[in-house]
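# Observations on the three-dimensional arrangement
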Amino acid sequence: MAHKSYARCIDLPTEQVFHNIRNAKRFAMDIGGSLAKVAYSSLVKKKSTMVFDDTDSIGPNKGSIYNVSETDQEIVRLHFVKFETKYIETCLDFINANLIQSRESMLDKVIKVTGGGAYKYTELINGKLGVQVDKEDEMECLIKGCNFLLKNISDEAFCYTRHANPEYKFQGVDSHVFPYLLVNIGSGVSLCKVESESKFERIGGTSTGGGTFWGLGSLLTSAKEFDELLELAESGDHKSVDMLVKDIYGGDYGAIGLGADVIASSFGKAARSTKDSAQNSPSFKKEDIARSLLLCISNDIGQIAYLQAKLHGVQKIYFGGFFIRGHPFTMHTITFAINFWSKGEIQALFLRHEGYLGAIGAFLKGMEEEDDERYSWGENLAGSSGLASPKHVGTSHVVQELSNNFSMLEINRLDRALHPCPLLLDVISYLPDTVDLTQDIDARNYWLKCFADGAKKTHDLAVKSQPHEQDASERADKFLKKYLERLKSLEQNPCAYGSLTVRSLLDTSTHFLEESLFTDIFSQQKQFENEQALRVLPSRLKTLDEQPESERHFQLVLGMLAGNVFDWGAKEVCTILETQQLTLEEAQAKLQKRPWLCDDFDTWLCRVSQPNPYKCAVIFVDNSGVDIILGIFPFARQLLSMGTNVILCANSQPSLNDVVYRELLWIVNKASDVCPVLHNAMTEGRLKVMETGQASPCLDLRLIDEKLVSAIKEMEADLVVIEGMGRAIHTNFDASFACDALKVAVIKNRWLANRYGGEMFSVIFKFEKGRKVSSSCLSAASAKR
């Protein structure tokens, strides 16, 4: 990587490299011998939609039952930028030149720095930024950063299997992190056993690491750069340099289980070269030498790691450091070594953001000294770099150049802490997504095209949602361009940001919208539909009350299903809703007739016909308007009438036309004005409205709002109801719960309906009895921990 190439990247617009640097508040650095990482926090502007009751409003909202408005909001975002240490002076100049704060305001401030550069570059940092350097222990920062990523970032850890489909297999958020072995492969190798947030020890290491590979590689080949050596190794054939078992035995050595192609001696064939006659000496290709060297070092590291893990009873080994840097062949060699020595019992695990461990740890130490509040964090998919493609698929020259010199990670601070849902049967084995698009090629091709086709409509809705903002069209254009570019990159490299799913595609769209300062683009539509449905609610409840109890249960379920048809996230439904004002009855007529595609209604009826069937029902709701008001409210009202307490759970942040927590609070209060059952339940605390801590039409129960977790436990919830195509089909369709579970949805996508063997408006009504965690599950969970 030439300095000239780097300089061109540094001249790119600020937001392409150091996002929000002008608003940076706190810094930390991790400076190694080869790579430097800058961490900083900033206040990022975003829009937020507020719901309020204003009877004196004028203009288009005059006479509305409630009103909405957008307001400016700021969130805390962490930024991490990685680059080569040899360019640190240029980067410090760039940061200093782009800070809003004057040099005087930076005086007497302290910056946390870890790594060897904390000592080597103290005076440079002080001189360039005018700050005092507070040196932090490198190993402590690495482990603190690793714990943070494993607990907060979805799909952070993964296994790598070369030529598999997919090559990456992600582990998801790990709420039971400890104990684990962290193998940090820098110039040398350190192995640390981590038992808790504060308890760890270095249990071993070796001087044969990344520096050895680079140093010997430079001596043995013409390559001088680390990446150049890796590229050589990728195309080399080690068999021409290494002595194999078959070179000694003529085949396998079956007595001790060694295959013919197992390396018996690294560089063994080089020792057999004729030395006394130059013309008879074999010539070894530089590619073969580099590959042999990489395998030699990787196998030794893998064996040492396995032996230490075995000695200390640890089942999880995470590898990180400069030697890895997301390079597919490097991960393959380490994975092969671990599999070989452990006979497949232990998997090598890697981290998407392993290069930031030290910087994250240093930053957190500084933050904790000033702020002791508890937060959760989530990756900003719009501002982070993805994993390199194992197939080295090319992108545009500028993007390639930028990604070669820089790697970015952005993390948003969430309002409060998140914890696993206590109703799950086993949080360790739980995976929210029904289909992994990295494995299912047909599904991947369909959904990527589906989201690309719908992006222009999202663009138009975004513009329409901010009619008084002069730059709305310009910002929407940026959203469209960036989102389509991301979809194209995911088409080439599906594993770049973790497991590719419908959920992750929806989340990515939301993040890009937020980056372009758009928030609830369906707010006006939801306002209109909520008002219309609230006006119909009294007659709907009256009709249901006139039904015999057995028939009423069926009509309640039909109403819930019909309400779920009103989904602006389903393309074919949008076509209907745009051309006609659909009623609940008309939607009900479109539903599949019984028997449904998944039909457990009779079992459900038998269960709810029992006296006092449930203590507490937790209902994860879906869409605004008819869905929540005419579908879910009557269903919840019936449960309340039977003595069951109810928790209505809505998204914390907007997505599509899903009802949001702050809207749901207001809507429930309005509904209770016309329904004594709802009113009394609210007054008595038997009906609660709570937020999930999420912002997606899909539902990931690995991390939900801590207050909701507490309420579920305190109210002894024994029924979970999951409603909607995103929450009950795209996610959680196969989820197992310790309590009874009801999964309810209407399939409003023709391709998906065909996948399930149904047609448009096929019905999913899946009732599952709660299960207890078996002793074998508990043993497996204990082993994983």
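These figures come from a predicted structure and were not determined experimentally.

## So, the sheet that holds strand β10 (residues 200-206)
Taken together, 7 strands build an open sheet; the order of strands is β7-β6-β14-β13-β8-β9-β10 and the sheet is mixed. Both edges of this open sheet fall to β7 (168-170) and β10, since each of them pairs with a single strand only. The average angle at which neighbouring strand axes cross in this sheet is 30°, direction not considered. With 3 bridges connecting them, strand β6 (residues 157-160) and β7 associate as antiparallel partners. Residue Phe 158 lies in a different strand from β7, and its bridge partner there is Phe 170. On top of the sheet, helix α12 (residues 286-311) reaches β8 (180-185), β9 (189-194), β10 and β13 (317-320); it is set at about 155° to β8, its chief contact.

## Observations regarding the nonpolar core
Within the largest apolar cluster, 96 residues are counted, with the highest numbers of intra-cluster contacts made by Leu 505, Trp 604, Ile 619, Leu 648 and Leu 664. Excluding residues that lie within four positions of it along the chain, Ile 619 makes contacts with Ile 632, Phe 635, Ala 636, Leu 639, Val 646, Ile 647, Leu 648, Cys 649 and Val 721. Listed in part, the 41 residues of the second largest apolar core include Val 189, Ala 223, Leu 294 and Met 331.

## Remarks on the packing of helix α17 (residues 472-492) against helix α18 (residues 502-515)
How two helices pack is summed up by the angle between their axes together with the distance between the axes. Taken N-terminus to C-terminus, the directions of α17 and α18 make an angle of 150°; their axes are 9 Å apart at the nearest point. The orientation of α17 relative to α18 falls into the category roughly antiparallel. Judged by the sense of rotation from one axis to the other, the crossing of α17 with α18 is right-handed. Counting all contacts with α17, which are made through Phe 479, Lys 482, Tyr 483, Arg 486, Leu 487 and Leu 490, the residues of α18 involved are Leu 505, Thr 508, Ser 509, Phe 512, Leu 513 and Glu 515. Considered class by class, the residues forming the contact of α17 with α18 number 7 nonpolar, 2 polar and 3 charged.

## Quick notes on unusual backbone geometry
In this chain, Asn 165 is followed by Pro 166 through a cis amide linkage whose omega measures 0°. Note on placement: Pro 166 falls in the loop between β6 and β7. Look at the link from Phe 178 to Pro 179: it is a cis peptide, with omega at -10°. Relative to the assigned elements, Pro 179 resides in the loop between β7 and β8. For Lys 343, which is not glycine, the phi torsion reads 55° and is therefore positive. Relative to the elements of secondary structure, Lys 343 occurs in the loop between α13 (328-342) and β14 (348-351).

## Some points on the environment of Lys 766
One can find Lys 766 in strand β25 (residues 762-768). Residue contacts for Lys 766: discarding those within four places in its chain leaves Cys 598, Asp 600, Phe 733, Asp 734, Ala 741, Leu 742 and Lys 743.

## Comments concerning the packing of aromatic side chains
Applying the stated criterion across every chain yields a total of 34 aromatic pairs. Seen in terms of ring centroids, Phe 80 and Tyr 356 are 6.0 Å apart; in terms of plane orientation they differ by 50°. Their pairing is tilted. Placement of the pair is Phe 80 in strand β3 (residues 67-84) and Tyr 356 in the loop between β14 and α14 (357-370), with a sequence separation of 276 residues. The pair formed by Phe 80 and Tyr 356 is uniform in burial state, with each residue classed as buried. In textbook terms, an aromatic cluster arises when at least three aromatic residues are bridged by ring pairs, as seen for Phe 158, Tyr 160, Tyr 168, Phe 170, Phe 319 and Phe 350.

## Remarks on helix α23 (residues 601-608)
Residues Phe 601, Trp 604, Arg 607 and Val 608 constitute the buried set of α23. Down the axis of α23, the buried set is contained in an arc of 120°. They therefore lie on one face. Facing away from the buried side of α23 by more than 90 degrees, the exposed set consists of Asp 602 and Cys 606. Check the buried side of α23 and you find it contacts α20 (549-563), β18 (598-599), α24 (626-641), β23 (719-723), β24 (740-747) and β25.

What counts as what
Residues numbered from 1 in each chain as written. Predicted model: local features only at pLDDT ≥ 70, side-chain atom pairs only at ≥ 80, totals over all residues. Heavy atoms only, no water. Pairing = 2+ DSSP bridges. Helix = DSSP H or I, 4+ residues; strand = E, 2+ residues; numbered from the N terminus. Axes fitted to C-alpha atoms, helices over the stretch in contact; angles between N-to-C directions. Contact = heavy atoms within 4.5 Å. Core = buried A, V, L, I, M, F, W, Y, C linked by side-chain atoms within 4.5 Å. Buried < 20%, exposed > 50% of the residue type's maximum accessible area, 1.4 Å probe, protein only. Parallel < 35°, antiparallel > 145°, perpendicular 65-115°, else oblique. Left-handed = near helix turned anticlockwise from the far one by under 90°. Nonpolar A, V, L, I, M, F, W, Y, C, P; charged D, E, K, R; others polar. Phe/Tyr/Trp six-rings, centres within 6.5 Å; stacked < 30°, edge-to-face > 60°. Arc of directions from axis to C-beta.

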